[in-house]
Each structure stands twice: as structure tokens, then as C-alpha cells.
Amino acid sequence: MGSRQIAQETFDDAVQENITEFEMDPEEAVREAVQQFEAQGVDLSNIVKAVRQPASENGQKQKHEILLTLDSLRRSVADSDLTEMAEQLVLFTEQCKEQLAFRYLAGQHGAYSVVFPAFQMASGDRNLMLKVFYALSAILDGQPDLLDSAGQDLLLQTLKEYAEDAEMTLAAIRCVRHACLKHEQNRQDLVKGGVLPLLTGAIVQHGDSADVVRTAASALRIMTFDDDIRVPFGHAHDHAKMIVLENDGLRVLIEAAKAFTDNASVLSELCATLSRLSVRNEFCQDIVDLGGLHFMVSLLADCIDHPDVVKQVLSAIRAVAGNDDVKDAIVNAGGTDLIVLAISHHLANPQICEQGCAALCMLALRKPENCNVIMEGGGALAALQAMKAHPKEVAVQKQACMLIRNLVSRSRDFSQPILEMGAENLITEARATHKDCDDVAKAALRDLGCKVELRELWTGQKGSLAQ
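Criteria and cut-off values
- Residues numbered from 1 in each chain as written.
- Predicted model: local features only at pLDDT ≥ 70, side-chain atom pairs only at ≥ 80, totals over all residues.
- Heavy atoms only, no water.
- Helix = DSSP H or I, 4+ residues; strand = E, 2+ residues; numbered from the N terminus.
- Buried < 20%, exposed > 50% of the residue type's maximum accessible area, 1.4 Å probe, protein only.
- Contact = heavy atoms within 4.5 Å.
- Areas by Shrake-Rupley, 256 points an atom, 1.4 Å probe, with all protein chains shown as cover.
- Lys, Arg positive; Asp, Glu negative; His and termini not counted.
- Charge placed at Lys NZ, Arg CZ, Asp CG, Glu CD.
- pLDDT = per-residue confidence, 0-100.
- Axes fitted to C-alpha atoms, helices over the stretch in contact; angles between N-to-C directions.
- Parallel < 35°, antiparallel > 145°, perpendicular 65-115°, else oblique.
- Left-handed = near helix turned anticlockwise from the far one by under 90°.
- Nonpolar A, V, L, I, M, F, W, Y, C, P; charged D, E, K, R; others polar.
- Polar contact = N/O pair within 3.5 Å; in protein donor to acceptor, adjacent residues only side chain to side chain.
- 1 Å grid on protein atoms, 1.4 Å probe; cavity = no way out; pocket = protein on both sides within 12 Å on 5 of 7 lines; lining within 4 Å.
- Points joined across faces, edges and corners; volume = space filled by probe spheres on them.
- Phe/Tyr/Trp six-rings, centres within 6.5 Å; stacked < 30°, edge-to-face > 60°.

Moving on, we get to the overall build of the protein. Looking only at helices and strands, the protein features 27 helices and two strands. In the protein, which comprises 467 residues, the proportion classed as buried is 50%. When contacts within the protein are restricted to residue pairs at least 6 apart in sequence, those whose partners lie at least 24 apart make up 69%. A total accessible area of about 22100 Å² is found for the protein, and carbon and sulfur atoms account for 47% of it. Taken together, the 44 basic and 67 acidic charged side chains of the protein have centroids lying 8 Å from each other.

For an α-helix, 3.6 residues make a turn, and residues three or four places apart therefore share a direction. Burial in helix α11 (residues 195-205) covers these residues: Val195, Leu196, Leu198, Leu199, Thr200, Ala202 and Ile203. Against the buried residues of α11 lie α8 (149-161), α9 (166-180), α10 (184-192), α12 (210-222), α13 (236-245) and α14 (249-257).

Moving on: the confidence of the model for the protein. Put simply, the protein has an average pLDDT of 93, and 95% of its residues get 70 or more. Long-range and interchain partners of residues 461-467, a stretch whose pLDDT sits below 50, account for 14 contacts in this model, where long-range means more than four residues apart.

Geometry of a packed helix pair, given as the angle between the helix axes and the separation of the axes. One can describe the packing of α12 onto helix α15 (residues 264-277) by two numbers: an axis separation of 9 Å at closest approach and a directional angle of 20 degrees. With respect to their mutual orientation, α12 and α15 come out roughly parallel. Like other packed secondary-structure pairs, α12 and α15 cross with a definite hand, here left-handed. Along the contact surface, α12 presents Ala210, Val213, Arg214, Ala217, Ser218, Leu220 and Arg221, while α15 presents Ser265, Val266, Glu269, Leu270, Ala272, Thr273 and Arg276. Tallied by class, residues from the contact of α12 with α15 come to seven nonpolar, three polar and four charged.

The next thing to look at is the environment of His183. Tracing the backbone through its elements, the reader meets His183 in the loop between α9 and α10. Classification of His183 by relative accessible area gives buried; the value is 10%. Along the chain, His183 and Met223 lie 40 residues apart, while their C-alpha atoms are 9.7 Å from each other. Not counting residues up to four positions away in its chain, the partners in contact with His183 are Pro144, Asp145, Asp227, Asp228 and Arg230. Of the polar contacts made by the side chain of His183, one reaches the backbone nitrogen of Asn186; its length is 3.1 Å.

When its volume is computed, the largest pocket comes out at roughly 480 Å³. Taken together, 17 residues form the lining of the largest pocket, with Gly142, Gln143, Pro144, Asp145 and Lys182 sitting closest to its centre. Sorting elements by how many residues they give to the lining of the largest pocket places helix α5 (residues 100-108) first, with three residues. Lining the second largest pocket are 18 residues; nearest its centre among them are Gln8, Glu9, Asp12, Leu105 and His109. The residue inventory of the lining of the second largest pocket, partitioned by class, reads six nonpolar, seven polar and five charged.

Attention now goes to the packing of aromatic side chains. Enumeration according to the criterion identifies four aromatic pairs in this entry. Between the aromatic rings of Tyr112 and Phe116, the centroid separation amounts to 5.8 Å while the plane-to-plane angle is 20 degrees, which identifies the pairing as stacked. Taken together, the residues Tyr112 and Phe116, both in helix α6 (residues 111-122) and four residues apart, mark about one turn of the helix. Here the two residues Tyr112 and Phe116 agree in accessibility, since each one is buried.

Summarising the element assignment, His64 is placed in the loop between α2 (26-39) and α3 (65-78). A residue is classified by how much of its surface remains accessible, and His64, at 4% relative accessible area, is buried. In terms of polar contacts, His64 uses its side chain to reach the side chain of Gln8, at 3.3 Å. Not counting residues within four places of it along the chain, the set of residues in contact with His64 comprises Gln8, Asp12, Val48, Ala50, Val51, Arg52, Gln53 and Leu105.

Turning our eyes to something else, we now look at the side chain of His434. By the secondary structure assignment, His434 is in the loop between α26 (423-433) and α27 (438-448). A distance of 2.8 Å separates the side chain of His434 from the backbone oxygen of Pro391, its partner in a polar contact. If we ignore the near neighbours within four places in the chain, the residues touching His434 are Pro391, Lys392, Glu393, Val394 and Gln397.

And the structure:
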């Protein structure tokens, strides 16, 4: 994807030129414009790739359909026409959900300043308020910068006042989720405003609603992200601690899982959130003590055919295995065999191979007895098969190399069996192909007893051999 940007008007002018100057039909004109800009390295992800609607008789400029709908919504708000406003909110929401480009164009033309005042007009009308929330959620999706302090207050107030209303709670949480993804300031402001107990409270209050539990867990997880490139240091770790220590987050999530034993999507989301909360040694142990490990292992066994679920469970097991006592609990629960099975079953999936190798790597770290179990269960062979299946995936290569090293660093007897599986050639190839693998591959080869070339480079200065 290109990094250059253009305005919507620039693209529209190019399309119009293709129609008027080169007599192209509308579809051909759009295709030609897309090819023209993409050839120049322009990122068109935020551009509506369509022909503007014809100009109206009163001389107004041509506009895209989403802007025509926004104009109608704006008029209905200005005229306090609640019936028309409800219809236009539904239409506007549907169009915004179609693609980011529609939402972006609407956002650039004041959609937030149109939707937000509609809340005051809808006050007391639950159905209309829901329609406004759906519209707000749609425009915030991918555009968290649109939310202002008044919007933050509105979301917090709604979650408090409508705590017993599952549908209103869900609508507000969806807005919170979109507003906090890749936006550190919104996260910090909402956390300061008290959103964390409102989210955990929603899971407890509506523990029978799959949508509420899944979305609230997702929102909690997003509060632990450090994904805003504009902010050098976020509060992800602090937020994770607050969720656990101040809001009993681990217990809330694990208890919630008990109501959805047959719902893989809910359990997967809960598992992903637990993974993000495993930021302290004692938190990892708490997850085991509360029954979280049992539910993870059971979920992995029951949903082995569902790659999205498997990936999340492996990530969670990897996270909690940072605690040495938890490592033993995972192995004793049969976790190693299931991890090896997951890698073998989804060998074509690089993310599962990466997470599986990483989980085994954690289980093997500082634990020779666990290395025996992993070797006997075929863990080394599965890792090497993953390396062979994904030679271009640096993350897979790196995690597999680290696993091999952990297996042999304190158990040298495993070196020969692993070498007989073809490890040396695969690790050497990974080192040659991926610069990021150099250190871990070199360490694995060294601990396997292989000859390692240090690749020393002469820099031209006395005593300066650069490795």
C-alpha cells in the first residue's frame, strides 16, 4: 500500500476528466483513475471509488451518496423532525458500515457534529437513542479522533444510567471500543472517567448475553493496548493492573466463561483478554487458581478445528506460562500434547505455528523436565515442520529457533535426535534469510553443537571487528 495521500476532490476531478475529456463510461473512468493513482504509489483506502451523484436542479455541486444522506440527516436534525431523523440515521449507518472510505468522507464533512446533537433530541426515546448510538459507532469505527470530551461524558453517563439495559449497554460499549482502538488519549480519559468498573459490571450484569460479554471483554482488552503511534509511552500496563486489582477482572472473565461453554467466539475473546492481563507473575497464578487454565485447555481440545480460537488460546497459554509454577500446571494438564496437535493440525497457518512454538518455548524455558515431555510429544519435530512450511515467515522461524535452543540448552542428549530431524539446515537457512533471526539461530546452532560462523566484518578501524 502506498504512503502518499490525496483528497477526495482530487480523485473525483480525475474521474470527471476521464468522463468528459476521454468519453469513458462511469465505471471505466473510476477504474482508470484508480489505476492511475495506484501506479503513482497513492494510498486510496480512504477514497470513495465511485462517481458523484448528478448535480441537483438548484445548482448544487455533485456529491457522493453518503454526503447526500448526511445532508438529509443534517436537515432533519435542524428541523427537529424526529421521524425523518430516525429514517436518515438508519440509512446513514448502513452506508457508513459499507466501507471506511464512506465513514472517512462523512467524518471530513462534519458527521460527528450532526450525530452528536441528535442525542439531546432523542433523550427519553430509547429506540431513537439506539439509532443515534449505532450511527455514532459507525463513524467512530476507524476514526477515534472524532470523539470529543462531551462524547466521552455521554458514553460514561449512558453506561451508568442504562446499566440494566443490555441493548443500550452494548451500543455504548461498541462506541467505547471504536473510540479507544489506536487512541491512547481516549483510553486514558475514559479510564479516568471510570469506564473500567462499568465494563466489568456489564459483564456481570449481563452474563447471559453473548454479545455484551464478548464486546465488553474486547473493550477491556483494548484498554491494555499500546497501539497509538503518536504516543511514545502509553498506560497499557497500568490499565491491565487496574482491571485485575481494582475491578476483579480475572474472576469476572473466568466466571463469565462458565455460561458460554458451547460458544467458541465468546470463549476466544475472553481468552484473548486474559492473555493481555497476564502482566504479573501473580496474575498468571491467579488465572490458574480461578480455573482459567482448565477452561483454556478444554477450549483448545474442543475447538481444535477453529483456527481463530486456537490462535487466541495458544497466545493465552504463552502469556500465563511466564510463571514457572504455571508452566508445570500446563504440562500436567496435558497442554503440551494439545499445543503440538494444534501446530500439526494447522501447519499451513503461520500465526498458529508461531504462537504454538512460542508457547512450547515458554514451557521449556528453565524446565528440563518439561523439555522431556515436549520431546516425547513431538514438539521439536512439529517446530521444524513449521519452519519448513513457512520459510519466509520470520516470526515462525524465530520462535522455532528459540524453542530448539531451550530444548537442548540444559538437555544436551536431545541435540543428536533434533539434528537427525534436519534442524541444522533449517536453522542455517533461517539465519541466512532473516536478519532478525541471526542471534537466536546462532544460539540454537551453538547449543546443538554445530559449527557456527560468526560473520565478522572488517570496518577498517584498528581493533574493530563487527559481528
